[in-house]
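# Structural description and commentary
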Amino acid sequence: MKLKPSEIKKRYEKANSRKDQWRSIYEDAYRYCLPNRNLYDGYYESNAPGQDKMNKVFDSTAIQSTHRFANRLQSGVFPPQRNWCRLVPGEEIPAERQVEIQQILDVYTDTMFGVLRQSNFDMAIGEFLLELAVGTAVMLIQPGTETQPIRFTCIPTFLVSFEEGPFGSVDKVYRRMKKPYGTLDQEFPDITIPPEMQQRYQNDETEMVELIEATCYDKDLGIYHYQIVDEAGQTELLHRELQSFPWVIGRYMVASSEIYGRGPCLTALPDIRSLNRTIELTLKNASLSISGVFTASDDGVLNPSTIQMLPGAIIPVARNGGPMGASLAPLPRSGDPQLSQIVANDLRTSIKRILMDESLAPENMSARSATEINAKLAELSQNMGSAFGRLINETMYPIVRRTLETMDEMGMINLPLRVNGLQVRVIPSAPLAQAQNIEKVQEALQFASVAQQAGPVGQFVLKPEKLLDYVAKMMGIPSELITTPQERVEMQKQAMQMAQQQMELQQQQQMAQGGQGGPNPQAPLQ
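Position labels on residues start from 1 in each chain and follow its written sequence. It should be noted that, the model being predicted, local features are given only for residues of pLDDT at least 70 and side-chain atom pairs only at 80 or more, the latter also being counted only at that level, while totals for whole chains, interfaces and linings use all residues. Hydrogens and water molecules were not included; the side-chain quantities draw on all heavy atoms of the structure.

## Digging into a negative patch on the surface
Inclusion rule: Residues with no salt bridge and a relative accessible area higher than 30% make up the patches, which join like charges within 9 Å and nonpolar side chains (Val, Leu, Ile, Met, Phe, Trp, Tyr) within 5 Å. Residue exposure ignores everything except the shown protein chains as possible cover, and the areas themselves are Shrake-Rupley values with a 1.4 Å probe. Salt bridge, as used here: a side-chain nitrogen of Lys or Arg that lies within 4 Å of a carboxyl oxygen of Asp or Glu. Just so you know, the count uses Lys and Arg for positive and Asp and Glu for negative, and it drops His and the chain ends. Just so you know, the charge point we use is NZ for Lys, CZ for Arg, CG for Asp and CD for Glu. What counts as a helix is a DSSP run of H or I of at least four residues, what counts as a strand is a run of E of at least two, and both are numbered from the N terminus. Classification of residues uses two cut-offs on accessible area relative to the type maximum, computed with a 1.4 Å probe and protein chains only: under 20% is buried, over 50% is exposed, and between them is partly exposed.
A cluster of acidic side chains, namely Asp185, Asp204, Glu205 and Glu207, defines a negative patch on the protein surface. With respect to the helices and strands, Asp204 occurs in the loop between helix H8 (195-201) and strand E6 (208-218). Overall, Asp204 belongs to the partly exposed group, its relative accessible area being 36%.

So this is what it looks like as structure tokens:
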């Protein structure tokens, strides 16, 4: 059922209070791994863009590895300007119509990726995967304009809180947002602004308005209520009924009884903190080594009150050795720079391994073959383990489903089938998923080789036609390059007809030759 503004405010605060339990650990992860996307530490509330968010970061290993992690995921699962999935018929489609339906679905696939290339999807998914490295990423998919048909927006996790529905799925999402008052009617043409809000902001349309956005599932009607209310939860400004869920909530890994995700950045957080502290102390030791700290005998000439404990400072002491000692002597330094460097290198290696930032061989060595690259992609898929399956189920499938449904609502396509796994399935075809398919193809070809070596018995075990269809399916061969079963039957009939015609032609030629070379009357009778 539709929620009242006061109920939205209450449920938003309750969901946000549960999310605050994650604030400390997410705050550290964003501080050291994604400082430029950090809205914690009061950066969002201060509303002061251009702040220095890296003043507590002394080592950039975690930042570089996090970006490389996101870049490798994008190139392996969502490569820019390429088709990274394919729509295929589900189990409810009869076998004799599989190839026919596949050709139609290939047209829808090409149309969908044409829209994605024209939109901002490649930029949004890059930001989405950066957030996913921490643990939880959020994307909003909405209809766009003529030049940008669909608008993909990566929402910072700091601004979003949500509730889980049945079976661990997210069906209620709340977001707080700031919008310039003058852009509300442009971004939301069907918004209703109350008179008191108009009077409050009429003098300055650039002033930011605090709003709460809610998307909740109505189990009775089977639709989603999209609502926007004011920050106080008193007035509803916008209400829409949506047929599909506009949010994509991606979580890298979810622990039991938790709804927010834990990513590799949280796993590497102890090493990241240790490395940052080690480098900080190393730099302080280096500054002392460069400038030095001195001790001076308190002989009444120096004024101790003017001396500070800084590099190059002088500390008054009673004596500097000997009966009187030197008037000025360097302070002995502690610490082993070589040991700290060894510890730092070990921590960097551990951080890179956790964030899967293990590159191929350097380019100055021998050339990297396609087999080596495929092996690295397969290794990356194995290292991700269950997280790869969650990435496909919670990110790729919802993106494709929401994009197709939005295109259908806008009249760009007419999709009579449902993308539910039974009528239409989504098959990943990106390099990271393709690496697994290549292994399956190799296993099938190896079995075909064994069957061929088995002699006549092996010929009755394997179906060559089905084998080729399976290989084409695993390798993502376009359907227009593959013949349908009806076309194969027609081709077989034509081949048989041509063979029969050729046999008849040969018989006629033999008969003609036999007629020309009849019995010789002069030949002796036997």
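## Examining the sheet that holds strand E2 (residues 136-143)
Rule in force here: When DSSP finds at least two bridges between two strands, those strands are taken to pair. Lines are fitted to the C-alpha atoms to define the axes, a helix being fitted only along its stretch in contact, and any angle between axes, read from their N-to-C directions, falls within 0 to 180 degrees.
One open sheet accounts for three strands, arranged E3-E2-E9; its pairing is antiparallel. The sheet is open, and its two borders are formed by strand E3 (150-155) and strand E9 (247-251), each paired with just one other strand. Going from strand to strand, the sheet's axes swing by 20° on average, the running direction of each strand aside. Across six bridges, E2 lies against E3 in antiparallel orientation. Within E3, the residue paired with Val138 across the bridge is Ile155.

## Things to note about unusual backbone geometry
A positive phi angle, near 65°, is found at Ser257, a position not held by glycine. Structurally, Ser257 can be placed in the loop between E9 and helix H9 (264-267). At Met356, a position not held by glycine, the phi torsion is positive, near 55°.

## Remarks on the pattern of salt bridges
One pass over the structure, following the stated rule, counts 24 salt bridges. A salt bridge links Glu210 to Lys178; its shortest N-O distance comes to 3.8 Å. On the criterion of sequence distance, the pair formed by Glu210 in strand E6 and Lys178 in strand E5 (residues 170-180) is long-range, its members being 32 residues apart. Assessed through its relative accessible area of 27%, Glu210 is described here as partly exposed.

## Some remarks on the side chain of Asn276
The following threshold applies: Within 3.5 Å is the distance limit for a polar contact, defined as a pair of N or O atoms, with the added protein rule that one can donate a hydrogen and the other accept it, and that residues adjacent in sequence qualify only through two side-chain atoms. Every residue pair with non-hydrogen atoms within 4.5 Å of one another is taken to be in contact.
Position of Asn276 relative to the elements: it lies in helix H10 (residues 269-291). In this structure the side chain of Asn276 is engaged in a polar contact, spanning 3.2 Å, whose partner is the backbone oxygen of Lys56. With near-sequence residues (within four places) excluded, Asn276 lies in contact with Tyr32, Lys56, Val57, Phe58 and Asp59.

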